[in-house]
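A look at the structure
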Amino acid sequence: MSAENPSGYPVPLRSRAVRVLLDNIDTDQITPARFLKSTDKAGLGEVLFCDWRKDPAFALNQPGARDARILVAGDNFGCGSSREHAPWALVGWGFRAIVATSFADIFRNNAHKNGLLPVIVPPAVHARVVAALEADPAAELEVDLPARELVLPSGERAAFPLDDFVHHCLLTGLDELGYLLAHDPQITAFEAKHP
Amino acid sequence: MSAPRTLFDKVWDAHVVAQEPGRPAVLYVDLHLVHEVTSAQGFLALDERGLMVRRPERTVATMDHITPTDPGAYAQGLEEVVTKTLSTLEANCRKHGVRLYAVGDRRRGIVHVIGPELGLSQPGMTIVCGDSHTSTHGAMGALAFGIGSSEVGHVLATQCLLQRRPESARVRFEGRLPAGVGAKDMVLRLIAQVGIGGGTGSVFEYQGEAVRGLSMEARMTLCNMSIEAGARAGMVAPDDTTYAYLQGRELAPAGAAWDAAVARWRALPTDDGATFDREITVDVARLSPMVTFGTNPAMGAGVDEAVPSPDAMPDAASRTALGKALDYMQVEAGKPLLGKPIDVVFVGSCTNARLSDLREAAAVLRGRKVKDGVRMLVVPGSEAVKRDAEAEGLHETFLAAGAEWRETGCSMCIAMNGDMLAPGRYAVSTSNRNFEGRQGPGSRTFLASPATAAASAVAGAVADPRPLLDAGGAR
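Computed from a prediction, not measured in an experiment: that's the story for all the values here. (Residues numbered from 1 in each chain as written. Chains lettered and ligands numbered in written order. Predicted model: local features only at pLDDT ≥ 70, side-chain atom pairs only at ≥ 80, totals over all residues. Heavy atoms only, no water.)

1. Some remarks on the overall build of chain A
Per the secondary structure count, chain A includes 7 helices and 9 strands. The C-alpha atoms of chain A give 18 Å as radius of gyration, which agrees with the globular expectation for 195 residues (16 Å, within 12%). Taking the principal axes of its C-alpha atoms as reference, chain A extends roughly 60 × 40 × 30 Å. In chain A, buried positions account for 58% of the 195 residues. Intrachain contacts of chain A at a sequence separation of at least 6 include 63% that bridge at least 24 residues. (Helix = DSSP H or I, 4+ residues; strand = E, 2+ residues; numbered from the N terminus. Rg over C-alpha atoms; globule rule 2.2 N^0.38 Å. Buried < 20%, exposed > 50% of the residue type's maximum accessible area, 1.4 Å probe, protein only. Contact = heavy atoms within 4.5 Å.)

Below, the structure is given as structure tokens:
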């Protein structure tokens, strides 16, 4: 069983994983633009990867995918547009972590703000994750947020980089807007001398 | 003497409000541009906390992503969700006292076209917008980048963002630009060279003789697509070309304020001896017009170069990716795209819908016809671009050639407003992304310059514009 920490992020996050093993998966695939015409986040989980889901063989159409909380993807995940609808759709589906060898900058920022953890692993670890899931698609991965480690089905623990501040926010529930608002005196002082 | 600094260093350092140990910087935002698609959730975050926009005078909104470009569309009535999205932006701007250039306003246009055009985007500024192509404004010598909707809320509420300092990369374009190629070809070559993630974590500064020689609008095209290499932003140091472009614009400083601003801006360019985290060199001396053949902007080549074969790729992942892309595009490896039949030509978007882009397309089309069976849309980047183009008769050239002359908006770049490509159809497009389905589900996009797009419209197939350009032509 996983408990929730003050931010709502599950500790530990243990789940089977879905593999979409392509590099450069762009946000237009994650959430096609025609679904951005809305003023809230409702229902976006249902349109996640919707054009690729038309293919019955696509990973999200396989048994168990609906319950997966971890997505394993290729390099440079989330490239393209700044739409936060991409992490909203992934979280709407139920994903709380993406394992990849790298992420696009804006997507990574947006993911942090929505309790979706970009887990960056070196290519060798990524290959072992993929091999383990190929051998047993129902095998579970574990994301240990406090330790910043990914636990493979073999028990191997692989450290992943996570910005200290983002780590702190995800563990304590500190929200960034609150942090910024607390800087009001400094912002006011800055504005007084800024052209 | 302080240590030599880059343009990026100077702009960054001048905007750090606070920097606690181990924490990201609190970075001040000079200009926050807002549009209808990514702002509603940001405003909602303020409503939930009972907050108001901190600096409405530093916030400017427009409508571009979902507005129809068919002049008759408003009379016929808009889709309910479109009306709701537009009226939500209107209500948010009214409540918070934010300037809004709504449909019908003479200053409306694509957010990254109107910022520079109105003189809002200025050297040395930090500029953000809930849109990845905010990198465009880096052409002014600003640090400009895209943010998500949560961050839109942060900036609305505090005029600040939490940011880790990115790395810097110098991108030097070496060699003299040949005739018949321009900024779009330069940036597509750069992206093909470094890859779609090649700039991740970095801010590019573009340098070199070929960059200095570009007009401001061409520099905007160059900076616009920085994000397609994954870069956080792209910048060009301000110079006399920048000041000549800005002076006299509606919202640029004037009088004594202008002189003071220019004096400040002249200190911005990168100091001699300043170092970058990375150096990238792109040789443009033999650059051909570029066209993309695949499903991301890095999958591009000269129009006369062969499309690469998946077998020639260095690793399994890139073999898979290229194979999948060529299959989606139904493009043959081993030969150039030249002559590949197309269905639609789109001249528009924040990349290539400024007056100089329209002139470039018109120069190719003048006295020629769009091939039978090909649909060509020309969508000006703003109301001002439309007025200026009409004043010099460009619309007549487009209409005489058989192209459609439409209202401003993002249009077929993102296909949210009803302008879209049918499944399986091909477009040569002056926009910035050729992702699967970008221009409509199942659509297939070849990215290119306005000249290449116009030449392709005439040929009804992917074409090299050089034979159609007069000596010393539009560029």
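2. A few points about the overall build of chain B
Check the secondary structure of chain B and you find 16 helices and 19 strands. Computed over its C-alpha atoms, the radius of gyration of chain B comes to 21 Å, within 12% of the 23 Å expected for a compact globule of 475 residues. The buried share among the 475 residues of chain B stands at 64%. Surface exposure of chain B reaches about 15,800 Å², of which carbon and sulfur atoms provide 50%. Side chains of chain B give 49 positive and 54 negative charges; the mean places of these two sets differ by 1 Å. (Areas by Shrake-Rupley, 256 points an atom, 1.4 Å probe, with all protein chains shown as cover. Lys, Arg positive; Asp, Glu negative; His and termini not counted. Charge placed at Lys NZ, Arg CZ, Asp CG, Glu CD.)

3. Quick notes on the confidence of the model for chain B
A residue-level look at chain B finds 99% of positions with pLDDT of 70 or above and a mean pLDDT of 96. For the stretch residues 471-475 of chain B, pLDDT sits under 50, and the model shows 11 contacts to residues farther than four places along the chain or on other chains. (pLDDT = per-residue confidence, 0-100.)

4. Things to note about the sheet that holds strand β2 (residues 25-28) of chain B
All names here are of chain B. Taken in spatial order, the 3 strands line up as β1-β2-β8 in an open sheet, and their pairing is antiparallel. The open sheet terminates on both sides in strands that have one partner only, identified here as β1 (16-18) and β8 (160-163). Ignoring which end each strand starts from, the neighbouring axes of this sheet average 40° apart. The pairing of β1 with β2 spans 2 bridges and is classified as antiparallel. Paired with V16 across the strands is L27, a residue of β2. (Pairing = 2+ DSSP bridges. Axes fitted to C-alpha atoms, helices over the stretch in contact; angles between N-to-C directions.)

5. Some details on the side chain of H183(A)
By secondary structure assignment, the location of H183(A) is in the loop between α6 (176-181) and α7 (184-193). The buried category is assigned to H183(A), whose relative accessible area is 4%. If sequence neighbours within four positions are ignored, H183(A) has contacts with A18(B), E20(B) and V26(B).

6. With respect to the environment of N92(B)
Residue and element names in this part refer to chain B. Locating N92 in the fold gives a position in helix α4 (residues 80-96). For N92, a relative accessible area of 9% puts it in the buried group. Ignoring any residue separated from it by four or fewer positions in sequence, one finds N92 in contact with A40 and F43.

7. Side note on the environment of P56(A)
Tracing the backbone through its elements, the reader meets P56(A) in the loop between α1 (27-30) and β4 (70-73). Other than its neighbours up to four places away in sequence, P56(A) contacts N61(A) and Q62(A).

8. Remarks on the state of the cysteines
Within this structure, the stated rule accounts for 0 disulfides over all chains. Left without a disulfide partner, C129(B) is nearest to the cysteine sulfur of C350(B), which lies 9.6 Å away. The cysteine C160(B) is free of any disulfide, with C169(A) supplying the nearest cysteine sulfur at 16 Å. By relative accessible area, which is 0% here, C160(B) ends up buried. (Disulfide = S-S within 2.5 Å.)

9. Quick look at the packing of aromatic side chains
Under the counting rule described, the total for this entry stands at 16 aromatic pairs over all chains. Ring centres of F77(A) and F103(A) lie 6.1 Å apart, and the angle between their planes is 75°; on these two criteria the pair is classed as edge-to-face. Here F77(A) is found in the loop between β4 and α2 (85-93), whereas its partner F103(A) is found in the loop between β5 (97-100) and α3 (105-112), with 26 residues between them in sequence. F103(A) carries the same exposure label as F77(A), and that label is buried. Considering the side-chain rings of Y243(B) and W265(B), the 6.0 Å spacing of their centres and the 20° angle between planes classify their relative orientation as stacked. In this pair, Y243(B) sits in helix α10 (residues 240-246) while W265(B) sits in helix α11 (residues 256-265), placing the two residues 22 residues apart along the sequence. The same class applies to Y243(B) and to W265(B), which are both buried. Sitting over the face of the ring of W93(A), R66(A) holds its NZ or CZ atom 4.0 Å from the ring centroid. (Phe/Tyr/Trp six-rings, centres within 6.5 Å; stacked < 30°, edge-to-face > 60°. Lys NZ or Arg CZ within 6 Å of the ring centre and 35° of its normal.)

10. A short note on the nonpolar core
In terms of nonpolar packing, the biggest core is built from 134 residues, with F173(B), Y206(B), F398(B) and F446(B) touching the most fellow members. Residues lining this core come from more than one domain, with at least three contributed by each of domain 1 (7-278) and domain 2 (290-468) of chain B. Not counting the four nearest positions on each side in its chain, F398(B) is found in contact with L358(B), A361(B), A362(B), L365(B), V378(B), A403(B) and W405(B). Ranked by size, the runner-up nonpolar core spans 32 residues in total, among them A73(A), F77(A), I98(A) and A100(A). (Core = buried A, V, L, I, M, F, W, Y, C linked by side-chain atoms within 4.5 Å. Domains from an automatic or database assignment.)

11. Some details on the domain arrangement of chain B
All names here are of chain B. Splitting chain B by domain gives domain 1 (7-278) and domain 2 (290-468). Of note, the centres of domain 1 and domain 2, computed from C-alpha atoms alone, are 24 Å apart. On the domain 1 side of the interface with domain 2, the three residues burying the most area are T69, I110 and K184, jointly 20% of the side's total. Across the pair R433 and E228 runs a salt bridge, and its minimum N-O distance is 3.1 Å. (Buried area = accessible area lost by both parts, 1.4 Å probe. Salt bridge = Lys/Arg side-chain N within 4 Å of Asp/Glu carboxyl O.)

12. Let's talk about the interface of chain B and chain A
Across the boundary between the two partners, chain B contributes 65 residues, which contact 51 residues of chain A. Taken over both partners, the interface formed by chain B and chain A buries close to 4,800 Å², and the fraction arising from carbon and sulfur atoms is 58%. Three residues, Q41(B), R54(B) and L162(B), lead the burial of chain B against chain A; their summed loss comes to 12% of the area buried on that side. One can count 8 salt bridges joining chain B with chain A. For E151(B), the salt bridge is made with K113(A), and the minimal N-O distance between the two is 3.4 Å. Taken together, the links from chain B to chain A amount to 24 residue pairs in polar contact (both at pLDDT 80 or more). Of all the secondary-structure elements, those providing two or more residues to the side of chain B that touches chain A are β1, β2, α2 (40-49), α4, α6 (149-158), β8 and α12 (316-329) of chain B. Ranked by the residues each element gives to the side of chain B that touches chain A, the list is headed by α6(B), at 6 residues. Split by residue class, the side of chain B that touches chain A holds 25 nonpolar, 22 polar and 18 charged. (Polar contact = N/O pair within 3.5 Å; in protein donor to acceptor, adjacent residues only side chain to side chain. Nonpolar A, V, L, I, M, F, W, Y, C, P; charged D, E, K, R; others polar.)

13. Regarding the pairing of strand β16 (residues 375-378) of chain B
Residue and element names in this part refer to chain B. Inspection of the sheet shows strand β15 (residues 344-347) paired to β16 by 4 bridges, in the parallel sense. Pairing of V345 across the sheet is with M376, part of β16. Chirality of the crossover, the property in question, places the unit of β15, helix α13 (residues 355-365) and β16 among those that are right-handed. Pairing between β16 and strand β17 (residues 404-405): 2 bridges, direction parallel. Its bridge partner lying in β17, V378 is registered against W405. (Right-handed = clockwise from strand over helix to strand, strands pointing away.)

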